[in-house]
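Summary of structural features
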Amino acid sequence: MDYVVLMIAGSALLAGAVAYGVTHRDFHAGGRAAAALACALLVGAASLYIPYLPVLALLGTAVIYLIVRRVFSAGTALAAAGLVLVAGCSFSVLLMMAALQTM
């Protein structure tokens with residue numbers, strides 16, 4: 001049981017660190033911390049249901065953020081990345097629910 005808690009905490013910590021690292025040049029300390037906290041909470045909550053797909057969704061979201069930031073402003077890129085992360089985490093939870101229903 002302790003490994004599950006460590007895995008969820010590790011996923012959330014990794015998500016926060018990646019979000020903080022990706023947004024470090026674009027936002028001030030408060031904005032970076034808010035983005036990292038929101039990302040960590042979302043990935044940690046989704047990791048309660050499925051352990052590895054929310055982390056993959058996070059990595060895809062980081063790539064989307066870095067690409068969109070080149071074309072648009074940082075705020076627009078953060079909004080787009082937030083939508084992609086919510087959609088990716090929701091999809092991973094729905095995928096696990098469908099897999100469990102067919103067992």
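In the block above lies the structure referred to throughout.
Here we summarise the structure given alongside this text. Computed from a prediction, not measured in an experiment: that's the story for all the values here.

With that settled, the discussion passes to the packing of helix α1 (residues 2-22) against helix α3 (residues 53-71). Put simply, α1 and α3 touch, their axes get as near as 10 Å, and they point 5° apart. By the angle between their axes, α1 is roughly parallel relative to α3. Every residue of α3 that contacts α1 at Ser11, Leu14, Ala15, Val18 and Val22 is listed here: Val55, Leu58, Ala62, Tyr65, Leu66 and Arg69. By residue class, the composition of the contact of α1 with α3 is 9 nonpolar, 1 polar and 1 charged.

On the surface, Tyr52, Leu56 and Leu59 cluster together into a nonpolar patch covering about 320 Å² of accessible area. Structurally, the position occupied by Leu59 is in helix α3.

Turning next to the layout of surface pockets. In this model, the largest pocket occupies a volume close to 270 Å³. Lining the largest pocket are 17 residues, with Ala19, Cys39, Thr61, Leu78 and Leu85 sitting closest to its centre. Mapped by element, the contributors of at least two residues to the lining of the largest pocket are α1, α2 (29-47), α3 and α4 (74-101).

The next point concerns the side chain of Thr23. For Thr23, the location among the structural elements is in the loop between α1 and α2. Here Thr23 falls in the buried class, since its relative accessible area comes to 4%. A polar side-chain atom of Thr23 sits 2.8 Å from the main-chain carbonyl oxygen of Ala19. Aside from chain neighbours lying at most four places away, what touches Thr23 is Arg32, Tyr65 and Leu78.

Calculation notes
- Numbers given to residues run from 1 along each chain, matching the order in which its sequence is written.
- pLDDT decides what is reported in this predicted model: residues at 70 or higher carry local features, side-chain atom pairs at 80 or more are listed and counted, and totals for whole chains, interfaces and linings draw on all residues regardless.
- The basis for the side-chain values is all heavy atoms of the structure; hydrogens and waters are excluded.
- Lines are fitted to the C-alpha atoms to define the axes, a helix being fitted only along its stretch in contact, and any angle between axes, read from their N-to-C directions, falls within 0 to 180 degrees.
- Numbering of helices and strands runs from the N terminus; a helix is a DSSP stretch of H or I covering at least four residues, while a strand is a stretch of E covering at least two.
- Any angle that falls under 35 degrees is termed roughly parallel, while one over 145 is termed roughly antiparallel, one within 65 to 115 roughly perpendicular, and all others oblique.
- Here, residues are in contact when the closest pair of their heavy atoms is within 4.5 Å.
- By the convention adopted, Pro, Cys, Tyr, Trp, Phe, Met, Ile, Leu, Val and Ala count as nonpolar, Lys, Arg, Asp and Glu as charged, and the other residues, Gly among them, as polar.
- By definition, no residue in a patch forms a salt bridge, and every one has over 30% relative accessible area; like charges are joined within 9 Å, nonpolar side chains (Val, Leu, Ile, Met, Phe, Trp, Tyr) within 5 Å.
- Residue burial considers only the protein chains on display, and all accessible areas are found by Shrake-Rupley using a 1.4 Å probe.
- Every case where a carboxyl oxygen of Asp or Glu lies within 4 Å of a side-chain nitrogen of Lys or Arg is listed as a salt bridge.
- Buriedness of a pocket was judged along seven lines, with at least five required to meet protein on both sides within 12 Å; pockets are open sets of points on a 1 Å grid over the protein atoms alone, cavities are sets where a 1.4 Å probe fits but cannot get out, and lining residues have an atom within 4 Å of a point.
- Grid points are joined across faces, edges and corners, and a volume is the space filled by probe spheres set on the points.
- A simple rule labels every residue: compare its accessible area, found with a 1.4 Å probe on the protein chains alone, to the largest value its type can have, and call it buried under 20%, exposed over 50%, or partly exposed in between.
- N or O atoms closer than or at 3.5 Å make up a polar contact, with two conditions inside protein: a donor-capable atom paired with an acceptor-capable one, and, for residues adjacent in sequence, both atoms drawn from side chains.

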